[in-house]
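So the chains spell out like this:
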Amino acid sequence: MTHPRSHQRSCGRPRAGRRPRLRLAGTVLAATALLLGAASLPGYAAPSGGGAEQAGEQEQAGKRPGKGAEERVLVFSKTAGFRHDSIPDGIAALQRLGTEHGFAVEATEDAAAFTARNLAKFDAVVFLSTTGDVLNAKQQSAFEGYVERGGGYVGVHAAADTEYDWPWYGGLAGAYFQSHPHIQPATVSVEDHAHPATSHLGESWERTDEWYNYRSNPRGQARVLAALDESTYEGGTMAGDHPIAWCQEYEGGRAFYTGGGHTKESYTEEAFLTHLLGGIRYATGAAQADCRPENGYTKLFDGTQASLEKWKQAGPGSFELGEDGTLRTVGGMGMLWYAEKPLSSYSLKLDWRMTGDDNSGVFIGFPASDDPWSAVDNGYEIQIDATDAPEKTTGSVYGFQSADLEVRDGALNPPGEWNTYEIRVKGERVRVWLNGVKINDFTNTDPARSLADGHIGLQNHGDEDEVAFRDVRLKELK
């Protein structure tokens, strides 16, 4: 850009040739999934060892337990009650996913696999339609320790019909099975478009399965990713709020559950397999996501043209509304800002994605203006940029304070994948969470600026930058 203030005050582009950093998250190369050939390990060798505020103040979960560069996933499908005839199809599908996406899969129905030493080999354990009491007390203790040390859990379908007398497991799964109607088509409403298990889906997902009712609603403890529209099928009993897929950080580890997967056909359904893959990637730590419970937010932008009526565009740049409900930057420097009212104490959440070495940001605390430079001169920017200087890169309060870069790097998904910001403003203090992890805490001391009364906006930085936003939501705080 040629604006005289752009070098000092705007989100300046990094030097040519600098590319986004590749990041290791424990055992995972999160920038790309490496294709490592045949990853299926169907046999099982006997183990040799023994045995605060809306959760927003949480820091990162524990270290991943895996031992090598290749992720390893244990698929456990023991049943002590009803046995699903789709289990072999599920195992075969998970093995194919492992081969195609670079993680090893070992399948077993032997509960003796649940020792501390053996579980430490794996980045996640999938409970594939397990039923009944499948682990003894010693095995339960080993699995609890595994999760507490950062291990991942993926529950599929009847994993919720398992271990009713083990409350810790019920918390991990998120809810216990209660009943189900006959197999039938239904509409699934997608609530989270940034999590890798649901980022490929639109607002609704039409599919056929055996739809579980649950004994409790997990919404208070987990991030609900998708819910059933009970008006679209017969037999729903959860009073119109019917989560069917969710995730959470639990006792030091990561947990993902999906109620789908009863039918054999599920494991040939591309959208469902991508859903499973995203849950596994989250559980192993290959992908980051904000899985804190989310309640009480109002959508300021929900992917529709109607939701943009209270927004205004400043400057020559603009945003294009895509069919997938995303806003994409177009043209030169500009600012799309929420004009209904200034805000003083709030939590702002939004999802964003950049395609490569791109530049954008979220502005807060600026006065109403048709000049995008007013936000630069009077407000603060929470930066989005892969490769700039520390105080001008992703998670920074641009030009004022760097994010905690080590923590930020552990929470950041690479270009091409979605990330979630929470920007929480109280008075002159702003805190920033990236994918559920706090990465910055800044207090304004400049008398010429104020975070306590101002607007919010999305920046369009320049012609060459490609950044997308979706699902902008707000909760005003008392």
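Residues numbered from 1 in each chain as written. Predicted model: local features only at pLDDT ≥ 70, side-chain atom pairs only at ≥ 80, totals over all residues. Heavy atoms only, no water.

Turning our attention to the overall build of the protein. Looking only at helices and strands, the protein has eight helices and 27 strands in total. Out of the 478 residues in the protein, the part that is buried amounts to 59%. Accessible area of the protein: about 18200 Å², with a carbon and sulfur share of 50%. (Helix = DSSP H or I, 4+ residues; strand = E, 2+ residues; numbered from the N terminus. Buried < 20%, exposed > 50% of the residue type's maximum accessible area, 1.4 Å probe, protein only. Areas by Shrake-Rupley, 256 points an atom, 1.4 Å probe, with all protein chains shown as cover.)

What follows covers the packing of aromatic side chains. How two aromatic rings sit relative to each other is set out by the distance from centre to centre and by the angle between their planes. Applying the stated criterion across every chain, the model contains 26 aromatic pairs. Ring geometry for Trp 166 against Trp 168: centres 5.5 Å apart, planes inclined by 20 degrees, an arrangement best described as stacked. For Trp 168, a relative accessible area of 12% corresponds to the buried category. Both rings, one in Phe 400 and one in Phe 442, keep their centres 6.2 Å apart while their planes meet at 50 degrees; by these two values the pair is tilted. With Phe 400 in the loop between strand S22 (380–385) and helix H8 (405–411) and Phe 442 in strand S25 (residues 437–443), this pair connects stretches of sequence that are 42 residues apart. Note on Phe 400: relative accessible area 41%, which makes it partly exposed. Here a set of aromatic residues connected by ring pairs shows up, and it is made of Phe 76, Phe 114, Phe 127, Phe 143, Tyr 146, Tyr 153, Trp 166, Trp 168, Tyr 169 and Tyr 250. It is Arg 207 that lies over the ring of Trp 205; its NZ or CZ is 5.3 Å from the centre. (Phe/Tyr/Trp six-rings, centres within 6.5 Å; stacked < 30°, edge-to-face > 60°. Lys NZ or Arg CZ within 6 Å of the ring centre and 35° of its normal.)

Turning our attention to the sheet that holds strand S16 (residues 311–314). Taken in spatial order, the five strands of this open sheet run S16-S19-S26-S21-S22, and their pairing is antiparallel. Sheet topology places S16 and S22 at the edges, where each strand pairs with a single neighbour. Neighbouring strand axes in the sheet, compared pairwise and without regard to direction, differ in orientation by 20 degrees on average. (Pairing = 2+ DSSP bridges. Axes fitted to C-alpha atoms, helices over the stretch in contact; angles between N-to-C directions.)

Tracing the backbone shows Ile 456 in strand S26 (residues 455–460). As a C-alpha pair, Ile 456 and Lys 341 span 115 residues in sequence and 9.5 Å in three-dimensional space. Those residues in contact with Ile 456 that sit more than four places away from it in its chain are Leu 300, Leu 336, Trp 337, Tyr 338, Leu 343, Tyr 346, Leu 348, Phe 363, Ile 364 and Phe 366. (Contact = heavy atoms within 4.5 Å.)

Here the focus is the pairing of strand S6 (residues 124–128). Most of S6 is tucked away: five of the five residues are buried. Pairing of S6 with strand S7 (residues 152–156), which is carried by five bridges, proceeds in the parallel orientation. For Val 125, the partnering residue across the bridge sits in S7 and is Tyr 153. In this view, the connection linking S6 to its parallel neighbour S7 by way of helix H4 (residues 137–148) has right-handed handedness. (Right-handed = clockwise from strand over helix to strand, strands pointing away.)

So, on to unusual backbone geometry. Even without glycine at this site, Ala 239 takes up a positive phi of about 55 degrees. Counting through the fold element by element, Ala 239 comes out in the loop between strand S12 (223–228) and strand S13 (242–250). Classification of Ala 239 by relative accessible area gives exposed; the value is 77%. You will see that Asn 435, though not glycine, has its phi angle at about 50 degrees, which is positive. For Asn 435, the position within the fold is in the loop between strand S24 (429–434) and S25.

Once that is clear, we can look at the nonpolar core. Of all hydrophobic cores here, the largest spans 75 residues; its most connected members are Phe 127, Phe 143 and Tyr 169. Among the elements that take part in this core, helix H6 (residues 270–284) stands out by supplying seven residues, more than any other. With residues up to four places along the chain from it excluded, the contact list for Phe 143 reads Phe 114, Leu 119, Val 125, Phe 127, Tyr 153, Trp 166, Trp 168 and Leu 172. In this structure, Tyr 338, Tyr 346, Leu 348 and Leu 474 belong to the second largest nonpolar core, which totals 40 residues. (Core = buried A, V, L, I, M, F, W, Y, C linked by side-chain atoms within 4.5 Å.)

All right, on to H4 then. When the terminal C-alpha atoms of H4 are compared, their 16 Å separation across twelve residues agrees well with the 16 Å that a helix rising 1.5 Å per residue should span. Within H4 the residues assigned to the buried category are Gln 139, Gln 140, Ala 142, Phe 143, Gly 145, Tyr 146 and Val 147. On its buried face, H4 sits against helix H3 (116–119), S6, S7, helix H5 (167–173), S13 and strand S14 (253–258). Capping the start of H4 is the job of one residue whose side-chain oxygen sits 3.1 Å from the backbone nitrogen of Lys 138: Asn 136. (Expected span 1.5 Å × (residues − 1). Polar contact = N/O pair within 3.5 Å; in protein donor to acceptor, adjacent residues only side chain to side chain.)

Along the chain, Ser 266 turns up in the loop between S14 and H6. Side-chain polar atoms of Ser 266 contact the side chain of Arg 207, separated by 3.2 Å.

Right, let's talk about the state of the cysteines for a bit. The final tally for this structure, using the stated rule, is one disulfide. Note on cysteine connectivity: Cys 247 is disulfide-linked to Cys 291, with sulfurs 2.0 Å apart. Between Cys 247 and Cys 291 the sulfur-sulfur dihedral comes to about -100 degrees; the bridge is accordingly left-handed. With a gap of 44 residues between them, Cys 247 in strand S13 and Cys 291 in the loop between H6 and strand S15 (298–301) connect regions that are remote in the sequence. (Disulfide = S-S within 2.5 Å.)

Attention shifts here to the packing of helix H2 (residues 87–101) against H6. The interhelical angle for the contact between H2 and H6, taken along N-to-C directions, is 65 degrees, at an axis separation of 11 Å. With respect to each other, H2 and H6 are oriented roughly perpendicular. You can see that H2 and H6 cross each other, and the crossing is right-handed. The segment H2 lies against H6, with Ala 93, Leu 94, Leu 97 and His 101 engaging Leu 273, Leu 276, Leu 277 and Ile 280. Considered class by class, the residues forming the contact of H2 with H6 number seven nonpolar, one polar and no charged. (Parallel < 35°, antiparallel > 145°, perpendicular 65-115°, else oblique. Left-handed = near helix turned anticlockwise from the far one by under 90°. Nonpolar A, V, L, I, M, F, W, Y, C, P; charged D, E, K, R; others polar.)

Distances and angles like these do not, on their own, reveal function.
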